[in-house]
Amino acid sequence: MSAFHCGTAALVGRPNTGKSSLLNRLLGQKVAIVSPKPQTTRHLVRGILTTPDCQVIFIDSPGYQTRHVNPLNRALNRRASEAAQDADAVLFVVEATRFGGADQAALARLPKDSPIVAVVNKVDLVKSRDALLQLVRKLDDEKRFEAIVPVSARTGKNIPELMRVLGEMLPEQAAIYPSEQLTDQDERFFAAEILREKLFRLLGEELPYRCEVVIDSFREERSGPRGPGLRRIEASIWVERESQKPILVGKGGEKLKRISTAARLDMEKLFSGKVYLGTWVKVKDDWSGDARFLRQLGYG
Ligand SMILES: Nc1nc2c(ncn2[C@@H]2O[C@H](COP(=O)(O)OP(=O)(O)OP(=O)(O)O)[C@@H](O)[C@H]2O)c(=O)[nH]1
Ligand SMILES: [Mg+2]
């Protein structure tokens, strides 16, 4: 019988390459938020996958970016670097349709001695085999990768091959977590993430970047004879200007209601129970440039 492998694997790369989608596909369940907009991920999200051969603790990270650099962006880049630094293996995720300067900048930030797999995601979008081969060759020229694995988070193509390659790169040791455990982060964390995903999906191009979610209270009522307990969640959505508030709230509160309802339904699915979600919109001038406020939010 071959030895069991267990360790951490960081998902890194420039924004929007599909790191979070890939984590969800690998786990077979949605834990990381996803949107068509770049810079959706702001927190390190941990997802645990146990197979008969290995246990991988995946760490999804914010896309490394060089544009619009403010204190928030710098904190996010730091987080991505830390995730790579601390991991046993790195999954460097690029899009199958391009490998450019932004990818190279992200690659240059990775620790010199980490084992790295280049994950070429979104192969479902590739029209010609030649174009894909060319991209793989370009990656190979970097001479940084233990392996180059084309996959699709959308269709699931080649995910077992990625797991096979990755498992062998992790240290030989027993599992750290019970095999059924999906994450070690709490429901409060995921509640904030789910609400932030809805802001990214249901607001325009700019406003999501001006929003931050803070869970002010999370209480689980005991289950009783009338059924399982209700989770009572109160959340603040911070925006940067008074003028952004009415856009987020919408006419007659309609927009905020849509956002809150979508978030509540997703929370109920993930937590397998009823949720009451109260949301308040608050203003903190230019919060994404305010180092003190960022520290309070945990951006360190
Ligand atoms: N066609 C296709 N689209 C994908 C695939 N994987 C992800 N996407 C889409 O790419 C977009 C970005 O996906 P995310 O998973 O949020 O990307 P990310 O790398 O986590 O982005 P950041 O957190 O912003 O760095 C979303 O619209 C996804 O639906 C794939 O395999 N094929
Ligand atoms: Mg992401």
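Residues numbered from 1 in each chain as written. Chains lettered and ligands numbered in written order. Predicted model: local features only at pLDDT ≥ 70, side-chain atom pairs only at ≥ 80, totals over all residues. Heavy atoms only, no water.

Asker: Pulling in residues and values, what's your account of the side chain of Arg14?
Answerer: Relative to the elements of secondary structure, Arg14 occurs in the loop between strand E1 (5-12) and helix H1 (19-27). Assessed through its relative accessible area of 6%, Arg14 is described here as buried. Filtering out sequence-adjacent residues up to four positions away, Arg14 remains in contact with Lys19, Gly63, Tyr64, Glu95, Arg98, Ala102, Asp103 and Ala106. (Helix = DSSP H or I, 4+ residues; strand = E, 2+ residues; numbered from the N terminus. Buried < 20%, exposed > 50% of the residue type's maximum accessible area, 1.4 Å probe, protein only. Contact = heavy atoms within 4.5 Å.)

Asker: Outline the pairing of strand E4 (residues 89-95), listing residues and values.
Answerer: Looking along a regular strand, one sees the side chains alternate between the two faces of the sheet. Along E4, 7 of the 7 residues are buried, which leaves the element largely enclosed by surrounding structure. In E4, alternate side chains face the same way, and those of Ala89, Leu91, Val93 and Glu95 on one face and Val90, Phe92 and Val94 on the other are all buried. Alignment of E1 against E4, held across 4 bridges, turns out to be parallel. Across the sheet, Ala9 pairs through a bridge with Ala89, a residue of E4. Both E4 and strand E5 (residues 116-121) contribute to a ladder of 6 bridges, which runs parallel. Considered in E5, the bridge of Leu91 is made with Val117. (Pairing = 2+ DSSP bridges.)

Asker: If you had to explain the packing of helix H6 (residues 187-202) against helix H8 (residues 254-271) to someone new, which residues and values would you point to?
Answerer: The contact between H6 and H8 brings their axes to 9 Å, and the two run at 140°. With respect to H8, the axis of H6 lies oblique. For the element pair H6 and H8, the recorded crossing hand is right-handed. Of H8, the residues touching H6 (which contributes Glu187, Phe190, Ala191, Ile194, Leu195, Glu197, Lys198, Leu199 and Leu202) are Lys255, Arg258, Ile259, Ala262, Ala263, Asp266, Met267, Leu270 and Phe271. Here the contact of H6 with H8 is built from residues that sort into 12 nonpolar, no polar and 6 charged. (Axes fitted to C-alpha atoms, helices over the stretch in contact; angles between N-to-C directions. Parallel < 35°, antiparallel > 145°, perpendicular 65-115°, else oblique. Left-handed = near helix turned anticlockwise from the far one by under 90°. Nonpolar A, V, L, I, M, F, W, Y, C, P; charged D, E, K, R; others polar.)

Asker: Before we move on, could you go through the sheet that holds E1 and cite the residues and values that matter?
Answerer: Read from one edge of the open sheet, 6 strands run E2-E3-E1-E4-E5-E6, paired in mixed fashion. The sheet is open, and its two borders are formed by strand E2 (45-50) and strand E6 (147-150), each paired with just one other strand. Across the sheet, the axes of successive neighbouring strands diverge by a mean angle of 25°, strand direction being ignored.

Asker: Which residues make up the coordination of the magnesium ion (ligand 2), and what values do they have?
Answerer: The coordination sphere of the magnesium ion (ligand 2), as far as protein atoms go, consists of Ser20 (OG) and Thr41 (OG1), spread over 2.0 to 2.1 Å. Residue Ser20 is located in helix H1, and its partner Thr41 is located in the loop between H1 and E2; the two are separated by 21 residues in the primary sequence. Considered together, Ser20 and Thr41 belong to a single accessibility category, that of buried residues. (Donors = N, O, S within 2.8 Å, 3.2 Å for Na, K, Ca; no water.)

Asker: Quick one: what's the story with H1, residue by residue and with numbers?
Answerer: The buried count for H1 comes to 7 of 9 residues, which makes it a mostly enclosed element. Burial in H1 covers these residues: Lys19, Ser20, Leu22, Leu23, Asn24, Leu26 and Leu27. Buried positions along H1 lie against E1, E2, strand E3 (54-60), E4, E5 and helix H5 (159-169). Phi for Gly28, located one or two positions after H1, is positive at around 75°.

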